[in-house]
Structures are given as C-alpha cells and as structure tokens.
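Structure at a glance
Next come the chains, spelled out residue by residue.
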Amino acid sequence: MPRSIRACTFLDKGGTGKTTTAAHLGVALAEQGKDVLLIDLAGKQGDLVKHFGCWETVERQIADDNDWPNISTVFQDQWAAIAEKLGDAAVEDLVLQTDEGVDLIPAHPGLDSLDAELGNIDDAHDRYSRLDSFLDEYIEPLGYDAILIDLPGLTNNVSYNGLWAVRNVIAPVEMGPFESEQAEALRADLDKIAANFDVDVNLAMVLPNKVDTRTTLAEEYLEAFREAYPDAVAPAHVPVSQDIRNAAEQGRTAFALEEPSTTAARAREAFLENAEVLAERLADARAVRPDGGDSTDRGESA
Ligand SMILES: Nc1ncnc2c1ncn2[C@@H]1O[C@H](COP(=O)(O)OP(=O)(O)OP(=O)(O)O)[C@@H](O)[C@H]1O
Ligand SMILES: [Mg+2]
C-alpha cells in the first residue's frame, strides 16, 4: 500500500477555495513535520504555483521551450519510455521546491488537451488509472508523507484520474444554498464512481471556507453542514479573510505573512487544526483500502 497519505481538493464548482485549501493544508502538513508534495492538475493558469511565487519560473520555462517533461507528459503512452531514457531526471525535473516547505508539480498548458486525449483511451481502467500508476511507480519511491492534488472544478477525465489516484476528497464549501446542493451532488458523484468502478472514493473533509460568522445565516449554514456531514465536516471553519486573497496575490500563503490580520491568524489556526485531523482520517482510510493499495489488480466492475 502507498506509504503516503493522499487527497485532492475537488468540488464541481468554481471559486470555493480548492486551490487556496490545497496550498494552505499543504503548508500546514509541512509545519507538522510532513514531507509534502502538491500537484496542480487544475489547469494551465497555474493558480497553485502562484501561491508560492514560482509562476514566473514556470512561465519562463514554458516560453523558453524548456518545459518538457511536464505533468501532462506522465499521462502519455510513452511516459515509461521517457522516464527510462531520462532516468532520475525525469521526475526531478517535474518537481519544484518552494520556500514554504512544500514541493510542487506545477500545472502545464498540456493539461488543456489532456481530457480529450484520455477520452480516446478505450479501456476505462487504463483511462482513469494513469495518474495512480505514475504516483505508485515514480513518486512513492521519493518518500513523501503526503500528496495533495488540486483538481479542476469540473468532472472530467483528468479529475477522475485524480480521484482514482488519491481516493480521498477535500471539498471546500462556501456558506450558501447552492453549496449544500453542490456538496450533495459531489456525494452522489462519489457514489456513482463506487458503483461503476471498484474504487471507493471517500469524502474525507467538507471544509467550510470564507465563513463570515458576523452573519447569522453563515452560522445556520455551518450548522446544516455539520448535520449533513457529521463524519466529514472539518473541525475548524476557515474565516473569510482579505489577507488570504492579498497573500495569494503576493505569491504566498497566509502562513508566510509576517503580520497576519486577526482573520488570517484564525485561518492559519483552522488550517493547522484541519491538517492534523485530515492526516488522521487519511491514515485510517488508507488502512481500510480493500485492495491494500496495490494498483496493479484494480479491476473495473461495470
Ligand atoms: N478564506 C478566504 N477568505 C478570503 N478569500 C478567499 C478565501 N479562500 C479563498 N479566497 C479567495 O477566493 C478566490 C477563489 O479561491 P480559489 O482560487 O482557492 O478557489 P478555487 O475553488 O480553486 O477556484 P477555481 O474553481 O477557479 O479553481 C481567490 O481569490 C482566493 O484568494
Ligand atoms: Mg483553483
């Protein structure tokens, strides 16, 4: 079974804080002493890498045609041959070190066409398990304790690869009527995956984000989420904080702010508390993985 704990941020909706959550939970896990790898599958705009001030480096590599191999390469038929030819450099070239203690595999424009390319693979197991195989064969040997993946805010072949590879979803939700519908739709989606494939994807954490507790409505939505997801809801909600937005614009997370505002400090505490609980939940989920985590014999059941 994989040594690492794995999860993705996913919800079939834009702007709820998936990327923010991946970045902050990643740094929180690193603060707790874990070796963390973040992977950005969310699209070529590189939002995750922008949280760590590395976007210019990545953009320059792309502009200089010095961007191969990249995250989209690992999904291709030729990847095994490429990896063999390049040796250790194949994976080393994919991974960036950040100054907030996490490593990161950035997004790439090649992700744009990846959904369609994966759609051309006839065998469903092969279509959805490419990332899983890549993680098992090429990333696990690097010894990361935790792998977090930022997924696109829609259900496609790329996000299915992410779900298949990590089996655990962190869903950041805003406090509103559409969000509870969206979380319900996510739960239905995960049930559908379980029914169609031999893969149980666990809703590991529903994370209330951008919560403004000055409004009674927010309290009501929080309570509703706690009731609907008693096992999955995060122990601490993340407050709405202009500092989180500002930090992202400056290319860092709230953890790197020298003088955080009250809300940013509370957000940090919340992410730290949630990271600890997440790590426990993921370790428990890993222990009960029915296939023992061996990706080679995972069969399609439908
Ligand atoms: N707790 C928060 N307080 C204030 N702003 C926040 C908070 N969390 C996220 N944001 C801001 O909300 C916006 C959307 O967040 P983010 O990019 O993380 O969402 P996303 O779900 O990844 O969006 P997309 O679907 O576009 O990928 C960003 O500008 C981000 O800085
Ligand atoms: Mg995003």
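Residues numbered from 1 in each chain as written. Chains lettered and ligands numbered in written order. Predicted model: local features only at pLDDT ≥ 70, side-chain atom pairs only at ≥ 80, totals over all residues. Heavy atoms only, no water.

1. Regarding the environment of L96
Note on placement: L96 falls in strand β3 (residues 96–97). L96 has contacts with V49, C54, V58, V102, D103, L104 and P106, leaving out every residue within four places of it along the chain. (Helix = DSSP H or I, 4+ residues; strand = E, 2+ residues; numbered from the N terminus. Contact = heavy atoms within 4.5 Å.)

2. Observations concerning unusual backbone geometry
Cis geometry is adopted by the peptide bond preceding P69, which originates at W68 and carries an omega value of -5°. Considering the arrangement of structural elements, one finds P69 in the loop between α3 (55–63) and α4 (79–86). Non-glycine residue D65 carries a positive phi angle of around 60°. Among the structural elements, D65 can be located in the loop between α3 and α4. Judged by relative accessible area, which is 67%, D65 ranks as exposed. A positive phi angle, near 55°, is found at K210, a position not held by glycine. Using a relative accessible area of 30% as the deciding quantity, one classes K210 as partly exposed. (Buried < 20%, exposed > 50% of the residue type's maximum accessible area, 1.4 Å probe, protein only.)

3. A look at the packing of helix α8 (residues 130–139) against helix α9 (residues 157–166)
Interhelical geometry of α8 versus α9 gives an angle of 45° and a closest axis separation of 7 Å. Classified by the angle their axes make, α8 and α9 are oblique. The handedness of the crossing between α8 and α9 is right-handed. On α9, the residues that touch R130, L131, D132 and L135 of α8 are N161, G162, W164 and A165. Considered class by class, the residues forming the contact of α8 with α9 number four nonpolar, two polar and two charged. (Axes fitted to C-alpha atoms, helices over the stretch in contact; angles between N-to-C directions. Parallel < 35°, antiparallel > 145°, perpendicular 65-115°, else oblique. Left-handed = near helix turned anticlockwise from the far one by under 90°. Nonpolar A, V, L, I, M, F, W, Y, C, P; charged D, E, K, R; others polar.)

4. Overview of the pairing of strand β7 (residues 202–208)
Within β7, six of the seven residues are buried, leaving the element largely enclosed by the surrounding structure. Bridge count for strand β6 (residues 168–173) against β7 is six bridges, and the pairing is parallel. Across the sheet, residue A171 finds its bridge partner in β7, namely V206. With respect to chirality, the unit in which β6 leads through helix α10 (residues 177–196) into the neighbouring parallel β7 is right-handed. (Pairing = 2+ DSSP bridges. Right-handed = clockwise from strand over helix to strand, strands pointing away.)

5. Some remarks on the site of ligand 1
In the vicinity of ligand 1, 15 residues are found, and the nearest of them are K18, T19, T20, N209 and S241. In this structure, N209 approaches ligand 1 through a side-chain N or O atom, which is 2.9 Å from a nitrogen atom. The backbone of P239 places a nitrogen or oxygen atom 3.0 Å from a nitrogen atom of ligand 1. Alone, ligand 1 offers 630 Å² of accessible surface; in the complex the protein occludes 81% of this. At the level of secondary structure, the elements contributing two or more residues to the shell around ligand 1 comprise α1 (18–31) and α12 (242–249). Split into classes, the residues belonging to the shell around ligand 1 amount to four nonpolar, eight polar and three charged. (Near = heavy atom within 4 Å. Polar contact = N/O pair within 3.5 Å; in protein donor to acceptor, adjacent residues only side chain to side chain. Areas by Shrake-Rupley, 256 points an atom, 1.4 Å probe, with all protein chains shown as cover.)

6. With respect to the packing of aromatic side chains
Within the structure shown, the criterion is met by six aromatic pairs. Ring geometry for W79 and Y138: centres 5.5 Å apart, planes at 75°, overall edge-to-face. Taken together, the positions of W79 in helix α4 and Y138 in helix α8 put the pair 59 residues apart, joining distant regions of the chain. Members of the aromatic cluster, connected to one another through ring pairs, are W79, F134 and Y138. Lying across the ring of W55, K50 places its NZ or CZ 5.0 Å from the centre. (Phe/Tyr/Trp six-rings, centres within 6.5 Å; stacked < 30°, edge-to-face > 60°. Lys NZ or Arg CZ within 6 Å of the ring centre and 35° of its normal.)

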